[in-house]
Structures are given as structure tokens and as C-alpha cells.
Amino acid sequence: MKEDGRVRDVAAAPSPAAATTAGRPFWHHGLLLLGWSVLLVACATAVGRLIGSQVSVTDRDAVLGAAGERSGALTTVMTTLTELGSVHTLGPLLAVAAAWSVIRRRGADDEAFEAGPRRSATAEAADLLADLVSAGARTLVFVRSRYGAEVIAEQTRRHLREVDGELAARVAAYRGGYLPEERRELERALRSGELLALATTNALELGVDVAGLDAVVIAGWPGTRVSMWQQAGRAGRAGSDGVAVLVASEDPLDGFVVHHPEAIFGAGVEATTFDPANPYVLAPHLCAAASELQLTEKDLPLFGLPDAALLDELARRGLLRRRPTGWFWNFSRPERAQDLTDLRGGGDRPVQVVETGTGTVLGTVDGARADSTVHPGAVYLHQGRTFVVDALEDDVALVHADQELGHRTKARSSSSVRVLSVRDRQVWRGADGTEVAWYFGDVEVTSQVTGYDKRRLPGMDIVGSYPLDMPERVLPTTAVWWTLSAEACGAAGVGSDVLPGSLHAAEHASIGLLPLLATCDRWDIGGLSTAVHPQTGQPTVFVHDGYPGGAGFAERGYRAALGWVRATRDAIASCGCADGCPACVQSPKCGNGNSPLDKTGALRLLSLLLRCAPADPD
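Residues numbered from 1 in each chain as written. Predicted model: local features only at pLDDT ≥ 70, side-chain atom pairs only at ≥ 80, totals over all residues. Heavy atoms only, no water.

Counting secondary structure elements, the protein contains 17 helices and 23 strands. Split into buried and exposed, the 618 residues of the protein put 51% on the buried side. Carbon and sulfur atoms make up 51% of the accessible area of the protein, which totals about 26,700 Å². (Helix = DSSP H or I, 4+ residues; strand = E, 2+ residues; numbered from the N terminus. Buried < 20%, exposed > 50% of the residue type's maximum accessible area, 1.4 Å probe, protein only. Areas by Shrake-Rupley, 256 points an atom, 1.4 Å probe, with all protein chains shown as cover.)

Below, the structure written as C-alpha cells:
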């Protein structure tokens with residue numbers, strides 16, 4: 001198996017005089033109750049000023065007690081929140097609170113809370129953004145996917161049209177794949193105040209000068225503490241007030257952060273993981289260097305090269321020319337050497353998205369993702385406009401506009417993993433003789449988009465499935481994998497009938513938790529599980545890097561296997577669902593439609609691994 005609302009009427013908010021209810025939890029004021037969320041409030045008073053409600057909490061114990069009674073999920077409160085108007089400068093992040101599947105009812109003083117379905121992080125972020133824009137707050141919403149940025153922007157505009165059509169026009173999306181001139185215009189409009197808010201990917205996290213923002217909303221854990229602090233720091237610069245809110249998504253790592261806030265506040269930023277000797281990374285840089293000045297034998301140590309084998313291979317492929325004085329770039333080639341290096345980490349050439357009727361280039365899509373995002377029949381979103389892909393060929397996706405479209409699409413895919421070599425191996429042995437073998441090595445991942453599903457809005461129910469004939473893609477990379485015998489699985493209560501679903505669920509959760517240990521996002525890695533792998537002959541779970549030659553993520557998982565397995569098991573066990581959900585074992589990028597999955601079996605397998613694990617050195 002493979003992984004791959006509403007607008008709150010700000011004008012109707014209680015006035016400061018009417019809202020004075022000191023000692024009650026801040027969500028009682030209709031401020032920031034999110035369906036499945038962590039709130040990181042940089043300055044509670046700033047939130048009240050921004051959206052017109054008063055924050056008036058003076059009793060720390062009242063916050064803790066009320067949260068425990070109301071939602072059962074408040075993890076910690078960093079310090080006492082203060083009354084509106086008493087704080088005029090930003091302090092550190094003050095509060096962490098979580099609300100699980102809670103629906104708020106307005107009305108009587110005794111506000112009631114009842115269990116309800118979890119709302120998505122994107123829906124909650126769109127609601128909150130609409131509130132902030134209505135109050136005139138200049139805001140960024142960070143989301144992890146390009147599609148998510150488009151959805152949040154469109155949902156927010158829809159909410160705002162019910163209140164003020166002019167406000168709706170002051171919200172836009174910002175993401176990679178837009179043309180450079182479109183991105184520059186969006187940046188200018190945000191700086192000038194023409195736009196009040198942007199829903200963005202991490203494209204605005206670094207490298208773009210955007211100042212004077214009042215608020216940042218982070219829709220889903222961004223993957224690393226580095227990214228979270230960088231995104232939160234976009235608000236409240238130059239001595240002004242600001243607020244940062246994290247809306248946790250239904251992702252295993254988000255759930256872990258909810259229950260373990262010390263993972264954010266009790267640790268420094270992550271150490272970046274990378275492999276400078278990766279030939280897929282190093283080779284283009286060698287070509288770029290050779291185009292500036294020939295490379296010589298004396299230069300080899302500067303690039304960490306033990307010998308000239310890589311340079312000779314580049315010469316054999318016609319990229320470099322070997323001369324008595326060194327290696328030179330082959331200037332007869334049509335491309336520039338610098339064009340071989342993609343600073344954004346992609347390998348394949350980008351695909352242009354072109355509107356059929358006008359010939360207008362709307363934007364680009366990463367080549368590696370084109371098969372799954374702009375295949376024939378796919379729905380493509382661009383600044384609130386909906387397009388359908390007619391054809392994908394020659395690095396161009398031809399699309400036509402269809403504003404009345406009532407569905408979205410999601411690709412289905414299959415994959416296989418072939419082990420090329422084993423770099424390292426370790427064996428865990430339990431007291432009963434059960435063995436779990438762990439490996440780290442080189443693999444070849446073959447994947448193919450095999451079809452897509454049409455999903456009807458707004459519930460995203462599947463209304464049709466269609467086959468596709470897309471080419472196979474081969475990724476040479478690195479992976480960590482573990483194996484154990486089918487007999488050991490059976491003895492642990494995981495029989496052959498539930499073994500595939502149990503391994504699949506364990507794989508999904510493992511991928512979701514690896515970013516806790518390695519500086520990566522779950523979209524940077526992939527995985528596969530099988531009850532019988534043709535090479536190992538046993539039940540096997542693979543987790544591999546999503547970059548050619550590897551990026552160090554899988555190796556980090558291998559080196560920290562015990563902590564990784566323990567965190568994965570704990571995340572599944574702490575989830576209150578019965579059969580598995582997006583917060584534990586379901587994956588947003590599973591090519592098999594999250595089927596089969598067996599949460600109970602996954603817990604049994606991971607518990608078996610921990611019983612076999614060596615003693616924790618800590």
C-alpha cells in the first residue's frame with residue numbers, strides 16, 4: 001500500500017463594556033474557538049483589538065479548569081492572559097489551547113458545548129481570515145499546499161461577499177506556479193494596502209519583504225519549528241502589535257503537537273538534514289562551477305569528492321569536457337550550466353498551464369507533480385477561477401475555463417519499491433526471540449498515476465472514477481525499511497486477513513511522524529507497505545525520501561528508529577477515533593484511497609516493535 005463556514009458579524013460583537021466577564025475562558029467571547037485546533041496567541045489583547053471582541057481572562061486556574069471540563073484537551077497555558085487594554089506591546093507566545101470536535105452555541109450566559117464533526121483546518125482558517133479582514137487586519141494565512149491556498153482564498157472571498165463585496169476583492173491567493181509578474185503585483189498590492197490578506201504557501205515565508213502585517217494564521221503544522229517561528233514572525237514587526245494563530249489539521253504530527261507542546265516550546269530549531277555528496281545535487285553544481293572556471297584535481301576536496309569519478313561521468317555524458325588543464329563546461333550544449341540547478345529542489349522541467357482559447361500562460365506546475373495535478377480531466381484552480389485540463393503533452397497543460405464546475409479531482413496511483421543496496425542494518429530481538437530487522441539503503445521507486453476520482457462539492461463525495469494512461473516515473477532515492485515474520489505478526493494478533501491494512505496504517509502514521517525527527521514535511525517523503533515483498537519475502541514497511549539520490553530524511557529515521565516508532569505508536573493510541581481517521585492513520589496523499597487500513601492492527605504491530613527494541617540509551 002502506498003501513501004503518497006460562516007462570517008461572524010464583527011459589528012455585532014460585544015462592546016468592551018458589555019463583554020467584561022473576567023475569569024472566563026477567552027473562547028466564551030466568540031473569539032477563537034476552532035473545531036480541531038491549537039491556538040498560539042502572541043498577544044491575547046491584540047486579538048481582541050483586531051476582531052472587535054474583548055479578551056478578559058485573569059485567572060490561570062480558571063482557564064485550565066474550564067478547558068479541561070469543556071474540551072478535555074487544553075495542554076498548557078504559558079502565562080496568564082490579561083485584560084483588554086492593559087498590554088500595548090507584544091510578549092512571547094502566551095497560550096496553547098486545543099478544542100476537539102467542539103461546536104459553540106451563542107446565546108445564554110451558560111454557553112453550551114457539544115460534540116460535533118471536525119472541521120478542516122482550511123475551513124477554520126478561512127473563517128478566521130474573514131473575521132480579521134472584516135476588522136481591517138492585514139493578514140497572511142500560511143497553508144502547506146498550493147491547492148489549499150486557492151481554497152482558503154476562495155472560501156474567504158465567499159464569506160466576505162455576504163458582508164461587503166469590496167472586502168472580498170481585497171483577498172487573494174499567493175503560491176508557487178504563478179508567473180513572476182503576477183507574484184510581484186500581489187506583493188506590491190499587499191504592501192500598499194490594496195490587498196488586506198493573502199492565503200499563501202511557504203512562498204512568502206522567506207525572501208519577500210512584507211512588513212506592517214497585523215496577523216498570521218498558520219493552517220496546519222508547517223512541518224518544522226523553523227518554519228513556524230518564521231511564519232509567525234511575519235506579523236507584529238517594527239514594534240507594532242501582532243497575533244499569530246496555529247490551526248492544527250487532522251494530521252498525526254499536528255495531533256502530537258497538540259498533546260506535546262514542549263515539542264514546540266521546549267526545543268530549539270531543527271538541524272537541517274542534507275547530503276552534500278548526493279550526486280543528483282552535486283553534479284549540477286559542478287557543471288555550474290566549471291562554466292565559471294575549469295575544475296582541477298586540487299578542487300576535488302572543496303566539493304567533498306574522494307576522486308574524479310563523478311567529473312569523468314559528467315564528461316562521458318557530454319556535460320563537461322576533459323582537457324589537460326581540467327574539466328570545462330561544454331559550451332556547445334543548448335542550455336546554460338546554471339539552468340541545471342533548481343533551487344526549489346525539483347528535478348523535472350516545469351509544465352506550463354495554458355488557456356486553450358486565448359493562449360494565455362496561467363502559471364506553471366512542478367514537473368514531478370504534473371501527472372497527478374494537471375492530467376487530462378483534472379480541475380485546476382487559479383485566483384478563484386476554475387479550469388479543466390484538456391490535454392497534457394510536451395511540458396504543456398492545455399486548459400479551458402469552467403466557472404460552473406461542481407466537482408474537484410484527485411489522482412489515484414500505484415507504486416513499487418526495488419532494493420538496490422543495503423548501506424546499514426540492525427536487528428531488534430525480543431525476549432521471546434522475535435526479530436525485527438531494520439535497513440537503510442538505496443532503492444528505486446517506480447510510480448504511475450493510474451486514474452482519478454471526481455469529488456462533488458462541498459462534501460467531496462466520490463461521484464466517478466476514471467482511468468488514465470500516464471507514463472511510469474522512476475525515482476532513485478534512499479529509504480529506511482523494517483521487516484518481521486508473518487508468524488510474529490500472527491502471534492501479536494495480526495492475522496493474514498488484517499495484515500495488509502495494519503502495515504498500511506503503520507506506514508501512514510510513520511510518515512506523518514517522521515518530520516518530528518527530520519527537517520522535512522510529509523510531502524517530502526513517501527512510503528510503501530506490503531504483506532510479502534518480493535525481495536525480503538516478509539511483511540515490509542518502506543519510508544523513502546522523495547528526492548533523487550535521497551535527502552537524508554530516511555537516514556535520520558533509521559538512526560532514530562526507537563523514538564520514531566514510539567512517537568508513532570503514541571500518536572495512534574492517543575487518537576480517540578474507533579477505526580482510524582486523518583489524525584492518526586489516514587493520509588491526504590494516499591494513492592490507494594486510504595484502503596485498506598486497520599488502526600488496531602497497526603497499534604499491535606508497533607507495540608510488537610517496541611517490545612523487541614533495545615533499551616533506550618536515555
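That was the structure; now back to the text.
Turning to the sheet that holds strand β9 (residues 215-219), a few remarks are in order. Strand order in the open sheet formed by 5 strands is β7-β8-β6-β9-β10, with parallel pairing between adjacent strands. Looking at the sheet topology across the chains shown, the edges are occupied by β7 (171-174) and β10 (243-247). Going across the sheet, the axis of each strand differs from the next one's by a mean of 15°, ignoring polarity. Its contacts with the sheet put helix α4 (residues 146-161) on β6 (139-143), β7, β8 (197-200) and β9, and the angle it makes with β7 is roughly 175°. Running over the sheet, helix α6 (residues 180-192) touches β6, β7 and β8 and is turned about 140° from β7. (Pairing = 2+ DSSP bridges. Axes fitted to C-alpha atoms, helices over the stretch in contact; angles between N-to-C directions. Contact = heavy atoms within 4.5 Å.)

Attention now goes to the confidence of the model for the protein. Taken over all residues, the pLDDT of the protein has a mean of 78, while the share at 70 or more is 78%. A low-confidence stretch, residues 4-116 stays under pLDDT 50, and its non-local contacts, those more than four residues away or across chains, total 252 contacts. (pLDDT = per-residue confidence, 0-100.)

Glancing now at the pattern of salt bridges. Within the structure shown, the criterion is met by 21 salt bridges. D312 is the salt-bridge partner of R322, the closest N and O atoms lying 3.5 Å from each other. Taken together, the residues R322 in strand β11 (residues 320-323) and D312 in helix α11 (residues 309-316) connect sequence positions 10 residues apart. Take R322: its relative accessible area is 44%, and that puts it in the partly exposed class. Given the relative accessible area of 37%, D312 is considered partly exposed. With a closest N to O distance of 3.1 Å, R333 and E335 form a salt bridge. Residue class for E335 comes out partly exposed when judged on its relative accessible area of 22%. One continuous salt-bridge network, built from bridges that share partners, spans E154, R157 and R161. (Salt bridge = Lys/Arg side-chain N within 4 Å of Asp/Glu carboxyl O.)

Over its 14 residues, helix α10 (residues 279-292) extends 20 Å from the first C-alpha to the last, a length consistent with the 20 Å expected when each residue adds 1.5 Å. Among the residues of α10, those classed as buried are L282, A283, P284, L286, C287, A288, A290 and S291. Buried-residue contacts for α10 involve α11, β11 and β12 (326-329). (Expected span 1.5 Å × (residues − 1).)

Quick look at the sheet that holds strand β15 (residues 379-382) now. Taken in spatial order, the 5 strands make up an open sheet running β14-β13-β17-β16-β15, and their pairing is mixed. Bordering the open sheet on either side are β14 (361-365) and β15, each of which pairs with just one other strand. Neighbouring strand axes in the sheet, compared pairwise and without regard to direction, differ in orientation by 35° on average. With 4 bridges joining them, strand β13 (residues 351-355) and β14 adopt antiparallel strand pairing. Note that in β14 the partner of V353 across the bridge is G363. Contacting β14 and β15, α4 crosses the sheet at an angle of about 60° to β15.

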